Amino acid sequence: ITVGLNWDNNTAYFFRADNRYVRYNKVNDQADSGYPIDVSNSSWLGLGDYRDLITAGFNAENGKSYFFLRDGRYIQYDNATDRADAGYPKPTDNINWPGLGTYAGSIKASLRWTTSKVIFFLSNGTYLRYDLTKRKVDTGFPKAVDNTNWPGLGSYATQITSAIKWSDTRAYIFLTDQRYIRYNITTNSADAGYPAPINSGTWPGLLSP
């Protein structure tokens, strides 16, 4: 899993490393029938040409979603019209994303957090916290993804491939070896018993061929 996108209360989208995606029904807790399908300009207008480069993404809850590319660029996607906005991709630099420029090529995953915050997990096991309202990285970052800042994630800091905020109290962190961690936002700690495998019992249809 390369990107988890929380679309609304009922639907999430998961982009996979095979350039396919799954529409996931959060209410029924299973992938919708007919998925996965190819990420293309028919299914995600404006993303198809960059599908090999997508490494992170989140829904900003302002009618826009953002997709970050491995080459240090990003795409702004309009949820209502279901297409990328004109003029993208643009560079993930300190003009468009103040404080992210130095780390643009190191972003591995992004997680829409509480209030106006977004977490960017980096390939070296550190993370940034970005404030969407202030439009800048918070002071004091990057910090280590360790068991002080992210209790229960420390051993997996460099294995994170994607993350998704599922609700106001729960997030999921996906790892390189087809495992995932359920993270309790309220207690700010990973739940006991994780990582767990991604399979037909835990995420029905998510890894279907």
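These lines cover the structure that appears in this document, whether it is placed above or below. As the structure is a prediction and not an experimental result, all values here were calculated from the model.

Further remarks concern the packing of aromatic side chains. Applying the stated criterion across every chain yields a total of 46 aromatic pairs. Note on Tyr 21 and Trp 44: the rings are 5.7 Å apart at their centroids and 80° apart in plane angle, and the pair reads as edge-to-face. Placement of the pair is Tyr 21 in strand S3 (residues 20–25) and Trp 44 in the loop between strand S5 (37–38) and strand S6 (54–59), with a sequence separation of 23 residues. Residue Tyr 21 shares its accessibility class with Trp 44, and that shared class is buried. Aromatic pair Tyr 74 and Trp 97: ring centres 5.6 Å apart, planes at 90°, arrangement edge-to-face. Placement of the pair is Tyr 74 in strand S8 (residues 73–78) and Trp 97 in the loop between strand S10 (90–91) and strand S11 (107–112), with a sequence separation of 23 residues. For Trp 97, a relative accessible area of 4% translates into the label buried.

Following Tyr 35, the chain continues into Pro 36 via a peptide bond in cis, with omega recorded as 10°. Counting through the fold element by element, Pro 36 comes out in the loop between strand S4 (30–31) and S5. A cis amide bond, omega 10°, links Tyr 88 with the succeeding residue Pro 89. Unusually for a residue other than glycine, Gln 178 sits at a positive phi of about 60°.

The next point concerns the pairing of strand S2 (residues 11–15). Among the 5 residues in S2, 5 count as buried, and that is most of the element. Of the two faces of S2, the one lined by Thr 11, Tyr 13 and Phe 15 and the one lined by Ala 12 and Phe 14 are each fully buried. Note: strand S1 (residues 3–6) against S2, 4 bridges, orientation antiparallel. The partner of Val 3 across the bridge, within S2, is Phe 15. Between the antiparallel neighbours S1 and S2 lie 4 residues. Two elements, S2 and S3, share 5 bridges in a ladder whose sense is antiparallel. Residue pairing in the sheet places Thr 11 in a bridge with Asn 25 of S3. Between S2 and S3, which follow one another and run antiparallel, lie 4 residues, and Asn 19 among them has a positive phi close to 65°.

As for its placement among the helices and strands, Ser 42 is situated in the loop between S5 and S6. Taking C-alpha positions, Ser 42 is 26 Å from Arg 112, a pair spaced 70 residues apart along the chain.

Within the secondary structure, Ser 116 is located in the loop between S11 and strand S12 (117–122). When sequence neighbours within four positions are dropped, the list of residues in contact with Ser 116 reads Tyr 130, Asp 131, Leu 132 and Thr 133.

Counting buried positions along S6 yields 6 of 6 residues, so the element is predominantly enclosed. Relative to strand S7 (residues 64–69), S6 runs antiparallel, the two sharing 5 bridges. Looking at S7, one finds that Phe 58 is bridged to Tyr 66. The antiparallel hairpin formed by S6 and S7 contains 4 residues in its connecting segment, where Glu 61 sits at a positive phi of about 65°.

Calculation criteria
Residues numbered from 1 in each chain as written. Predicted model: local features only at pLDDT ≥ 70, side-chain atom pairs only at ≥ 80, totals over all residues. Heavy atoms only, no water. Phe/Tyr/Trp six-rings, centres within 6.5 Å; stacked < 30°, edge-to-face > 60°. Helix = DSSP H or I, 4+ residues; strand = E, 2+ residues; numbered from the N terminus. Buried < 20%, exposed > 50% of the residue type's maximum accessible area, 1.4 Å probe, protein only. Pairing = 2+ DSSP bridges. Contact = heavy atoms within 4.5 Å.

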